[in-house]
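# Structural overview
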Number of protein chains: 2
Amino acid sequence: NPPPSSDSSVNLDISDSVLNLDVGDPRAFEKFWKRMDEKCKVTISGSEVMSYVSDLGNVCWFLEPKLRDAIKRVHRVVGNAATEDRHIVVGTGSTTLFQAALYALTSSPPPPPGAQPVSVVSAAPYYSGGGSRGLMVFRSPLLHPPDPSNALNVKVNPKRCFKDVTDYLRSGLYKWEGDAYTFDKDGPYIEIVASPNNPDGTIREAVVNRGDGKVIHDLAYYWPQFTAITHPADYDIMLFTFSKGTGHAGTRIGWALVKDKEVAKKMTECITISSIGVSKESQLRTAKILDVLSDDCQSFGAISENFFEYGYAVMAERWAKLRALVKKSNKFSLPKYPQESCIFSGKFKETFPSFAWLKCKEDVDLASLFKAHKLIVRGGERFGVGREYVRISLIGRDEEFNLLLERLASVLGI
Amino acid sequence: NPPPSSDSSVNLDISDSVLNLDVGDPRAFEKFWKRMDEKCKVTISGSEVMSYVSDLGNVCWFLEPKLRDAIKRVHRVVGNAATEDRHIVVGTGSTTLFQAALYALTSSPPPPPGAQPVSVVSAAPYYSGGGSRGLMVFRSPLLHPPDPSNALNVKVNPKRCFKDVTDYLRSGLYKWEGDAYTFDKDGPYIEIVASPNNPDGTIREAVVNRGDGKVIHDLAYYWPQFTAITHPADYDIMLFTFSKGTGHAGTRIGWALVKDKEVAKKMTECITISSIGVSKESQLRTAKILDVLSDDCQSFGAISENFFEYGYAVMAERWAKLRALVKKSNKFSLPKYPQESCIFSGKFKETFPSFAWLKCKEDVDLASLFKAHKLIVRGGERFGVGREYVRISLIGRDEEFNLLLERLASVLGI
C-alpha cells in the first residue's frame, strides 16, 4: 500500500476538488425517493424483530416473510427473473451472497485435506480490484456535505470486486484464476457472469461451458432503468442487490434466487456462520420500498411515479450528453449497445449502464490522465484489460455528473 | 452431515414439543422493550441513508455518526469500557468483527506465499461448534408462533462460534488451534478471551501471554444485567454486540473498540470487501435504543425504566429458581461466581450468565440425556471439554424457561 497521504490542507472549493467517480455511489435517483419519502416511510418500535429468527418455514430462516413476498412480486412485475420454485437467500448486499455461493459450491461435500482450491473465473473485462492500488483518497465535498472536519483526507478502500472478494482470506476452498476466456485449467471451476456486465455494460452468457463447472449470475444491473428486460432470467444462482435496483446502497440488502435447495441451504449456512443472518430493519425497509415500487409500476396514470421510467429517463439524458461530448473527439470511444424490445415497458430500449466504459484509441494510461484533471476513475488493468480503458461512474448526483462533463471536455481535449 | 429428517408430522402441543435451548435467542427482555415500544420508535423515510458512505471523517467510513455517539455514551454511562482515543468499527453482529479482527491481525503486512496460517486459540471451555454435529432441527412452537406451516421440521444451523467462524473458509491467514491452555506452537498467535465467558460465565484474562501474540476480547456479556461491572475494560480490541447488550438479536449490530488506528483500518477494509459496510437502518435503530437506554439509566426515579436493573432482576430470579432445583440433586452442579462490587449499580452483584453451564458428577453423555427429555442443549465436547457438561440457554421467553424447569426436574431425577 502507498504511504498515507500527508496532505491535510483544507479545500472546499468544489471547482478545485477531486471528483471521485470510482465507487459508484448510486445517488442519481435520490430526488425520486425524496418525493416518495412519506409513501415509503417505515416505522419500527422498540420490541419489533428482536429474534434471530424470521421464518422457520424457509430454508433461509433469517429472511423476513415480507421481504420474501416483496422480492417475488417485484420480479413478477418487472419480468426480469423467474422466481417460481426458487429459494430466496438474503444477504448483507449481494457481495456476501457471492461469497456464500462460492462456499456453497465448494464445501459440499467437504474437499479432502490438501485438495486444490476450485478455480473462480469471469470473462474480461470483469469486476475486479487489483491489489496494488491500495487505499484511495476521497476528497470530494460533493460526495459528502462540505464540512471540513468530515470531508478531507480520508482513506477509503471501496474494493467490492470479484477478485478481492474471492481471494482476501486466501481460502483453501476457492481461488481467483482471472479471465474466463483464457482459462484452461482442468478440474472443477466456478464462472461468474455479470449481465449487464460491470464495467462495460454488455449482455453476457457463460463462456467456459464445461461439464465440471458451475455458474453464478450477477444480475445487479438487470433492471429497466439500465437495460431492456428481454426475458425473465432463469439461471441456477442469480444475484440481485437493492443498491442497484433502486439506489438504496446504504441499506445493504441483496438476494439470491437459487434453484437447488441444497445450494440454498449451504448459502444460508455460510451467512449463518459469518453473521447469524441479516439485519431485519433493513429487510423490512427494503420490503416496504419494493412494495411501493411494485404498486406504482402496476397503477396506470401518473408516469412520474414509476421509478423505472424515471430512472431510465435520467440515464438516457446522461448518456446522451456523454455521447455527444465523446463524439467530438476522434481519439475516444464508448461501447455501442443494441436496441432490444423490453417486456417491462413494451418499448425498444437501449442499454444505459451505470458506468461508462471509455476507451482511448492511443496507448495512454487513461486513469492517470483523468487523475491529472481531478477525476478519479478505475483503470482498465483493474478489470483484466489494458490501461487505455477507464470505468466512470455515471450514477452520482446531478452536480457530480455536470462537473464530470466539464472536466471530461478537458480530458478529451475539446 | 446427517440426512435431513423425514419427520414431517405436525405436533403443536407445547407439552410434547422439543424445546431448543441451544441457540440462545435472547427473548427474556422482550417485555421490557414492549413497554418501550413508543419511546424507542424509529421512522425512516424513502430517501434517507441511501449512500454507502456514513462519515468520511471516520476510519470506519460506514459507521453512522449517531451510532458512534450512542455507543460512546452507553459505555460512559455503564462504565464497562474505555472509549477515549478508540476507533469504533461497526459490524453485522460481533461475529463479523471477530473475522475482521482476524483479518486485520494476519494480513498486514501480507504474509509471504506458503506462510503458515496464524494460530487462533481460546481457553477451554470456549465458544465452539464442532463440525460433526451438522444441522439441527428446530421444532419448538415456543420459539415461534405455533403456525403449522411455519414451525415444523426446519433445519437451522446456528453455528456462531470461534472454531467454525475461524475455519469455515479454510483461510490461509489463520487457523483454529483449540485450547489456549495446551497451546505450545511457536510463532505468532491470536488468543480470544471471552469475559464473562461463554459457556461457563467466568471472568477471564489471557492465558498464553507471549510476545508474539495478539488478543481479541469478546465482551458480549460484560453488561450489568449479567455481571458486576468492576472497571472499564481497556484492551486493544474489544468486541460488543447489541444482541447481548439489550436482546435485539435481529438487528445484527456489533461494534469493536480498537486502540490501534492501523488495526481499525484493516478491520474496516475487511468489512468493506466482504459487505461494503453495515445496514444503516439497523445502525439508526441501535443508536435510538441505546440513547433511550442511556437516558433512562441517567434519570433518577422510576427504577422500572432502567433496562439493566430490569434485566438483572429477570436473570436473578431465573438463576434462583435454577439453583434451587439443581441443589435438590447431588449428582449435578452449577459454577459458583464471586460477588463483586459493581461501579454501575453501586452494589455487590453476582454473575448471572445467560447460559447455565451444568455438570454431572458421573460420566454420562449429558446432552443425550437432555435430548431424551425433549431438551436440546449444547454438549461439553463442543466447547473443548467433556460430555458430562452441557450449556443451557436461560434467556428465552418465560414460557420456555418454565418448561425448562419442569423438564429439568425429570433430567435431574427429582
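Everything here concerns the structure above.
Keep in mind that what you see is a predicted model, and the values were worked out from it rather than measured.

### Some details on the relation of the copies chain B and chain A
- The two copies are related by a screw operation: chain B maps onto chain A through 180° of rotation and 0.0 Å of translation along the axis, at an RMSD of 0.0 Å. Overall, the copies show the geometry of a two-fold rotation axis.

### With respect to the packing of aromatic side chains
Residues and elements named next belong to chain A.
- All chains considered together, the criterion is met by 46 aromatic pairs over all chains.
- Residues F29 and F307 carry aromatic rings whose centres are separated by 5.4 Å and whose planes lie at 90° to one another, so their mutual orientation is edge-to-face. Highlighted residues: F29 in the loop between β1 (19-20) and α1 (30-35) and F307 in helix α9 (residues 307-327), separated in sequence by 278 residues. Just as F29 is buried, F307 falls in that class too.
- Here Y312 and F352 contribute two aromatic rings whose centre-to-centre distance is 5.2 Å and whose plane-to-plane angle is 50°, an arrangement assigned as tilted. A residue pair is termed long-range when its members are at least 10 positions apart, and Y312 in helix α9 and F352 in the loop between β14 (348-349) and β15 (355-360) qualify at 40 residues.

### Structural notes on the pattern of salt bridges
- Summed over the entire model, instances satisfying the criterion amount to 54 salt bridges over all chains.
- One salt bridge connects R285 of chain B with E281 of chain A, and the closest N-O pair in it is separated by 2.5 Å. Within this pair, whereas R285 of chain B is found in helix α8 (residues 280-298), its partner E281 of chain A is found in helix α8 (residues 280-298), the two belonging to separate chains. The burial state of R285 of chain B is the same as that of E281 of chain A; both residues are buried.
- Salt-bridge contacts for D398 of chain B lead to R318 of chain B; the nearest nitrogen and oxygen are separated by 2.7 Å. Taken together, the positions of D398 of chain B in helix α11 (residues 398-411) and R318 of chain B in helix α9 (residues 307-327) put the pair 80 residues apart, joining distant regions of the chain.
- Judged by its relative accessible area of 30%, D398 of chain B is partly exposed.

### With respect to the interface of chain B and chain A
- Listed by partner, the interface residues are 86 residues for chain B and 87 residues for chain A.
- Counting the surface lost from both chain B and chain A, the interface buries some 7100 Å², and carbon and sulfur atoms represent 57% of this.
- Taken as a group, M50, Y52 and L56 of chain B account for 12% of the area that chain B buries against chain A, more than any other trio of residues on that side.
- Between chain B and chain A we count two salt bridges in total.
- The interface formed by chain B and chain A includes 55 residue pairs in polar contact (both at pLDDT 80 or more).
- Split into classes, the residues belonging to the side of chain B that touches chain A amount to 35 nonpolar, 32 polar and 19 charged.
- In the sheet, strand β2 (residues 42-44) of chain A pairs with strand β2 (residues 42-44) of chain B via three bridges, with the strands oriented antiparallel. Looking at the pairing, V42 of chain A lines up with I44 of chain B of β2 of chain B.

About the cut-offs
- Residues numbered from 1 in each chain as written.
- Chains lettered and ligands numbered in written order.
- Predicted model: local features only at pLDDT ≥ 70, side-chain atom pairs only at ≥ 80, totals over all residues.
- Heavy atoms only, no water.
- Least-squares fit on C-alpha atoms with pLDDT ≥ 70 in both.
- Phe/Tyr/Trp six-rings, centres within 6.5 Å; stacked < 30°, edge-to-face > 60°.
- Helix = DSSP H or I, 4+ residues; strand = E, 2+ residues; numbered from the N terminus.
- Buried < 20%, exposed > 50% of the residue type's maximum accessible area, 1.4 Å probe, protein only.
- Salt bridge = Lys/Arg side-chain N within 4 Å of Asp/Glu carboxyl O.
- Contact = heavy atoms within 4.5 Å.
- Buried area = accessible area lost by both parts, 1.4 Å probe.
- Polar contact = N/O pair within 3.5 Å; in protein donor to acceptor, adjacent residues only side chain to side chain.
- Nonpolar A, V, L, I, M, F, W, Y, C, P; charged D, E, K, R; others polar.
- Pairing = 2+ DSSP bridges.

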